[in-house]
Amino acid sequence: MKKTGLIAGVIMLALVGCGQKAPAASAPGTSAAAETTTEAVSVEETTETAAEETSAEESKEEELKAEETTAEAQSEAVAESKAVEAEMVKAAESTAAPVTHSGFVFVVNGVEIGMNEEAAPIVEKLGKAANYFESPSCAFQGIDKTYTYSNFELYTYPKNKVDYVSSIYILDGSVSTKEGIHIGSTTEEMTAAYGNDYKEELGAYTYTKDKSTLTFIIDNGTVSSIEYVAIVKKEK
């Protein structure tokens with residue numbers, strides 16, 4: 001019995017480790033569970049952050065799309081407004097009464113110019129002149145004006161504070177009369193276009209129609225000068 005007790009004592013000392021307290025054993029699987037929980041929390045936080053960033057990016061994209069849509073709508077509205085305005089102008093022009101001319105008419109760049117007609121609308125259609133000159137009128141109360149273009153000159157006279165076309169002087173052969181006569185045409189071509197009902201004086205052949213005249217200067221059988229002139233009474 002004593003031997004048995006001794007053996008038991010030796011076994012206990014070996015287990016205790018020479019009097020040192022044996023460390024408490026941790027529950028199996030506790031450390032792994034903690035690590036798994038931490039990783040789960042980290043993944044969840046990362047997922048939430050990514051979701052927030054994605055949501056912010058989607059929100060910005062939606063704002064940009066909305067702005068682009070608004071800009072496109074505004075652009076389309078402006079274009080539609082301009083189109084409607086152009087149609088209105090076109091309709092007004094088509095329904096407007098056509099201008100009736102009396103006397104000789106000079107046509108240049110699609111603009112018809114008749115003598116004694118109001119000058120302002122004509123000058124506006126012709127565009128900016130290469131040169132402009134004005135001086136006190138000798139025959140009327142106001143200012144005579146001269147508009148010089150590349151190949152002709154337009155003169156005006158004042159009446160009741162309105163300017164009217166007084167004459168057109170052709171400068172070179174690049175333009176012609178409405179009937180096709182230009183500087184360089186022959187006398188035969190002139191008479192074929194206007195006939196023989198003219199008044200000739202010192203080489204100047206003058207045709208009269210309503211309140212205007214058309215004069216051709218003939219030099220050696222060739223037209224060297226062309227001028228339209230308004231017939232108008234001078235103011236007293």
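Quantities reported herein were computed from a predicted structural model and do not represent experimental measurements.

Looking at the pattern of salt bridges
Okay, so step 1: Under the criterion given, the structure shown has one salt bridge.
Okay, so step 2: Here Lys-145 and Asp-163 are joined by a salt bridge, their closest N and O atoms 2.8 Å apart. Here Lys-145, found in strand E4 (residues 143-148), pairs with Asp-163, found in strand E6 (residues 162-170); they are 18 residues apart in sequence, far enough to count as distant.

Topic: the pairing of strand E10 (residues 222-230)
Okay, so step 1: Judged from the four bridges that link them, E6 and E10 form a sheet pairing that is antiparallel. Paired with Ile-168 across the strands is Tyr-228, a residue of E10.
Okay, so step 2: Inspection of the sheet shows strand E9 (residues 212-219) paired to E10 by eight bridges, in the antiparallel sense. Bridged to Leu-214 within E10 is Tyr-228.

Comments concerning unusual backbone geometry
Okay, so step 1: At Leu-202, a position not held by glycine, the phi torsion is positive, near 55°.
Okay, so step 2: Relative to the assigned elements, Leu-202 resides in the loop between strand E7 (199-201) and strand E8 (204-209).
Okay, so step 3: Residue Leu-202 is classed as exposed on the basis of its relative accessible area, which comes to 82%.
Okay, so step 4: Non-glycine residue Asp-210 carries a positive phi angle of around 50°.

Some thoughts on the packing of aromatic side chains
Think of a pair of aromatic rings as described by two things: how far the centres are apart, and how the planes are tilted against each other in angle.
Okay, so step 1: Going through the model one piece at a time under the given rule, you end up with twelve aromatic pairs.
Okay, so step 2: Seen from their ring centres, Phe-140 and Tyr-157 are 4.8 Å apart, and the 25° between their planes marks the pair as stacked. Of the two residues, Phe-140 sits in the loop between strand E3 (131-136) and E4 while Tyr-157 sits in strand E5 (residues 152-159), which places them 17 residues apart along the sequence.
Okay, so step 3: Overall, the relative accessible area of 10% leaves Phe-140 in the buried class.
Okay, so step 4: Exposure remark for Tyr-157: the relative accessible area of 5% places this residue in the buried category.
Okay, so step 5: Residues Tyr-194 and Tyr-207 carry aromatic rings whose centres are separated by 5.4 Å and whose planes lie at 40° to one another, so their mutual orientation is tilted. Highlighted residues: Tyr-194 in helix H4 (residues 187-194) and Tyr-207 in strand E8, separated in sequence by 13 residues. Comparing Tyr-194 with Tyr-207, the two get one shared label, buried.
Okay, so step 6: Every member of this aromatic cluster is reached through a ring pair, and the members are Phe-104, Tyr-194, Tyr-198, Tyr-205, Tyr-207 and Phe-216.
Okay, so step 7: We note Lys-209 situated over the ring of Phe-104; from NZ or CZ to the ring centre the distance is 5.9 Å.

Focus on the nonpolar core
Okay, so step 1: Within the largest apolar cluster, 31 residues are counted, with the highest numbers of intra-cluster contacts made by Phe-106, Ile-113, Leu-126, Phe-152 and Phe-216.
Okay, so step 2: Apart from the residues within four sequence positions on either side, Ile-113 is in contact with Phe-104, Val-105, Phe-106, Val-108, Ile-122, Leu-126, Phe-152, Leu-154, Val-165 and Ile-168.

Quick notes on the sheet that holds E9
Okay, so step 1: Spatial ordering of the open sheet is given by E3-E4-E5-E6-E10-E9-E8-E7, a layout of eight strands whose pairing is antiparallel. The sheet terminates laterally at E3 and E7, the two strands that pair on one side only. Across the sheet, the mean angle separating the axes of adjacent strands is 20° when strand polarity is ignored.
Okay, so step 2: The strands touched by H4 within the sheet are E8, E9 and E10, with E9 carrying the most contacts at an inclination of about 160°.

Cut-off values and rules
Residues numbered from 1 in each chain as written. Predicted model: local features only at pLDDT ≥ 70, side-chain atom pairs only at ≥ 80, totals over all residues. Heavy atoms only, no water. Salt bridge = Lys/Arg side-chain N within 4 Å of Asp/Glu carboxyl O. Helix = DSSP H or I, 4+ residues; strand = E, 2+ residues; numbered from the N terminus. Pairing = 2+ DSSP bridges. Buried < 20%, exposed > 50% of the residue type's maximum accessible area, 1.4 Å probe, protein only. Phe/Tyr/Trp six-rings, centres within 6.5 Å; stacked < 30°, edge-to-face > 60°. Lys NZ or Arg CZ within 6 Å of the ring centre and 35° of its normal. Core = buried A, V, L, I, M, F, W, Y, C linked by side-chain atoms within 4.5 Å. Contact = heavy atoms within 4.5 Å. Axes fitted to C-alpha atoms, helices over the stretch in contact; angles between N-to-C directions.

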